[in-house]
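Tertiary structure, described
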Amino acid sequence: MATARWNGEVIAKSDDTVIVEGNHYFPIESVSPQYLRPSDTTTFCPWKGTANYYTLHVEGEDNSDAVWYYAEPKQEAAQIKGRVAFWKGVEVTD
């Protein structure tokens, strides 16, 4: 079971993650929605497409753009559609 933690709280837990480039992509349903705040940030990956972000809000603190996802991934990355990954100090263990 993979677990994502930040600021003392479990953000997501799942035994159904997809690992791409060393990152666990969790099903969006496994993430506690109260911790997610929409972000206007986007980035582009040549083979996955445009990434969108969420800011984590936990225990009164924000971790800007610490969660990313591909709403419409390219064909080569179809396996991560509907999934999110973490960085910026979010600890992911399996």
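Everything below is about the structure printed above this text.
In this report, the structure presented in the accompanying data block is examined. Just so it is clear, the structure is predicted and the values come from calculations on it, not from any experiment.

1. What about the nonpolar core?
A general trend in soluble globular proteins is that nonpolar side chains are found buried together. Counting 17 residues, the largest nonpolar core has Ile11, Leu56 and Phe86 as the members making the most contacts within it. Ignoring any residue separated from it by four or fewer positions in sequence, one finds Leu56 in contact with Trp6, Ile11, Tyr35, Leu36, Glu61, Asp62, Asn63, Ala66, Val67 and Val90.

2. Thoughts on the sheet that holds strand 1 (residues 2-6)
Taken in spatial order, the three strands of this open sheet run 2-1-9, and their pairing is antiparallel. Only two strands of the sheet have a single neighbouring strand rather than two, namely strand 2 (9-14) and strand 9 (91-93). In this sheet, neighbouring strand axes are inclined to one another by 20° on average, regardless of whether the strands run parallel or antiparallel. Of the pairings in the sheet, the one linking strand 1 to strand 9 comprises three bridges and is antiparallel in character. Directly across from Ala4, in strand 9, lies its bridge partner Val92.

3. Describing unusual backbone geometry
Phi angles above zero are rare outside glycine, and Glu21 is one such case at about 50°. Looking at the secondary structure, you find Glu21 in the loop between strand 3 (18-20) and strand 4 (23-27). Relative accessible area serves as the criterion here: at 56%, Glu21 is assigned to the exposed category. Phi at Glu59 takes a positive value of approximately 50°, unusual for a residue other than glycine. Secondary-structure assignment places Glu59 in the loop between strand 6 (49-58) and strand 7 (61-69). Residue Glu59 is classed as exposed on the basis of its relative accessible area of 59%.

4. So, the pattern of salt bridges
Counting across every chain of the model gives three salt bridges. Where Glu21 meets Lys48, a salt bridge forms, and the shortest distance between an N and an O atom there is 2.8 Å. Placement of the pair is Glu21 in the loop between strand 3 and strand 4 and Lys48 in the loop between strand 5 (36-45) and strand 6, with a sequence separation of 27 residues. Taking relative accessible area as the criterion, Lys48 reaches 4% and is therefore assigned buried. Of the charged contacts in the structure, one is a salt bridge between Lys81 and Glu72, with a shortest N-O distance of 3.2 Å.

Thresholds applied
- Residues numbered from 1 in each chain as written.
- Predicted model: local features only at pLDDT ≥ 70, side-chain atom pairs only at ≥ 80, totals over all residues.
- Heavy atoms only, no water.
- Core = buried A, V, L, I, M, F, W, Y, C linked by side-chain atoms within 4.5 Å.
- Buried < 20%, exposed > 50% of the residue type's maximum accessible area, 1.4 Å probe, protein only.
- Contact = heavy atoms within 4.5 Å.
- Pairing = 2+ DSSP bridges.
- Helix = DSSP H or I, 4+ residues; strand = E, 2+ residues; numbered from the N terminus.
- Axes fitted to C-alpha atoms, helices over the stretch in contact; angles between N-to-C directions.
- Salt bridge = Lys/Arg side-chain N within 4 Å of Asp/Glu carboxyl O.

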